[in-house]
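# Architecture at a glance
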Amino acid sequence: MRLRIYKRKVLLLALALAVCALALWGSGGGGGGRRRQQQQQQRGGPGSSGEPARVSESPARRAAVNVSASSPVFSSLSENGTLSYRSLVYRLNFDQPVRNVGRFPAARSAAADVVLVVQVHDRAEHLRLLLESLRKASGVENVLLVLSHDLWAEELNRLAERVDFCPVLQVFFPFSIQLYPHEFPGHDPRDCPRDVGKAAALRLGCLNAEYPDSFGHYREARFSQTKHHWWWKLHFVWERVRALREHAGPVLFLEEDHYLAPDFYHVLKKLWALRERECPDCQVISLGTYSPVRGGFAGRADKVEMKTWKSTEHNMGMAFGRDTYQKLIECTDAFCTYDDYNWDWTLQHLTVSCLPKFWKVLVPEIPRIFHTGDCGMHHKKSCRPSTQSAKIDSLLSTNQQHLFPETMSVSKRYSMAPLSPHVKNGGWGDIRDHELCKSYRRLQ
């Protein structure tokens, strides 16, 4: 009975979004919709950018919304205006306006040969540094950059608007805490406190009393959101972004606190070709690990290691193709019910419990991706991302003569075997999280 109740709530969320969509469809169609768009353009409002709506050549069903130009709508919302918030996010995800298409003619008729997908939360300084590293990268004009947000913020939108070195698309996780601040998937005041204990929760009668995690704790929305966002983004990019309908790979998955070397695109293309040639059963490519670089790049910048994929090492700058995605999405139930709020540790579990084979990875000896700060969800110390990026720039400058290798070859083939996560972290015991996570394939 409880399972049906929670499934019903997920379906109600879907129906609410559908109502928003129908309302927007009605308001955007016909002559009245065109007149409203013309008035908005005169005011400099949504739709006034004058740029093509998307990379693909499919006809537009509605006038595309310019994300940055729309931002004043959000700033004027009252606290009870979240329905309008959700509607605008729904429309942006539907319209998919891609900026800078006119500056890069190759993107007009075909999808980019490499796609970068960045999961963005609220760390604007980290995102700024990542975008600056992209600006300095050779070949970046050939990529499509997808910024996947779980927070609407003026500063983040301004950073996205300043991207002028490649096509860029912003999408928004439609079930964020910001969009549902006082109800699931945000924090419902009727939810059980994290540490109340199941017996006390049952006496209180809080909503999720029956569903603590493996350690007896109840969900915290701020931790649950990251795993939700990652799985939604995975499916949305591969299945719903129209510009990528024919894209086979690679898609490179990044986070806002990553930083790329100037030759990352060059090396990624080399690794992708090496995979096809020497390790077709390597499901994943990683551009680097968290290990500090010791010594110079000489004799190592063109070397690649082949090993078992490990979530704590190879979750940064992870790239794979549609073939890997299709196997992964078949494990939706296993991903969505595994009691660990970390998406990467959950993937580690899938490699030994659901996927046809454990994952093998190709990773360069010299990383082409770096981490700009040990802070965020798992860390409490203060962030100094600019200090870290300066150290990275110095390292890359000192070794610039070793970047852009002509060829890349496998130097080490490690003994490979399935690798299980050594611990389950919990934080994902609530049946509502399970059902919402599983619903993304149906709702979008």
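Above this note sits the structure.
Residues numbered from 1 in each chain as written. Predicted model: local features only at pLDDT ≥ 70, side-chain atom pairs only at ≥ 80, totals over all residues. Heavy atoms only, no water.

With that settled, consider helix α9 (residues 221–239). If you check α9, its first and last C-alpha atoms are 26 Å apart, about what 19 residues at 1.5 Å a residue would give, namely 27 Å. In terms of burial, α9 is largely enclosed, as 16 of its 19 residues are buried. (Helix = DSSP H or I, 4+ residues; strand = E, 2+ residues; numbered from the N terminus. Expected span 1.5 Å × (residues − 1). Buried < 20%, exposed > 50% of the residue type's maximum accessible area, 1.4 Å probe, protein only.)

Moving on: unusual backbone geometry. Residue Phe-184 is joined to Pro-185 through a cis peptide bond whose omega torsion reads 10°. Mapped onto the fold, Pro-185 is located in the loop between β4 (168–172) and α8 (198–204). Cis geometry is adopted by the peptide bond preceding Pro-250, which originates at Gly-249 and carries an omega value of 0°. On the secondary structure map, Pro-250 appears in the loop between α9 and β5 (251–255). Of note in this structure, Phe-404 is not a glycine but carries a positive phi near 55°. Structurally, Phe-404 is set in the loop between α15 (385–398) and β12 (409–413).

Turning our eyes to something else, we now look at the state of the cysteines. Inspection of every chain in the model, using the stated rule, returns four disulfides. For Cys-192, the disulfide goes to Cys-206, at an S-S distance of 2.1 Å. Between Cys-192 and Cys-206 the disulfide shows an S-S torsion of about 95°. By sign, it is right-handed. Here Cys-192 is found in the loop between β4 and α8, whereas its partner Cys-206 is found in the loop between α8 and α9, with 14 residues between them in sequence. (Disulfide = S-S within 2.5 Å.)

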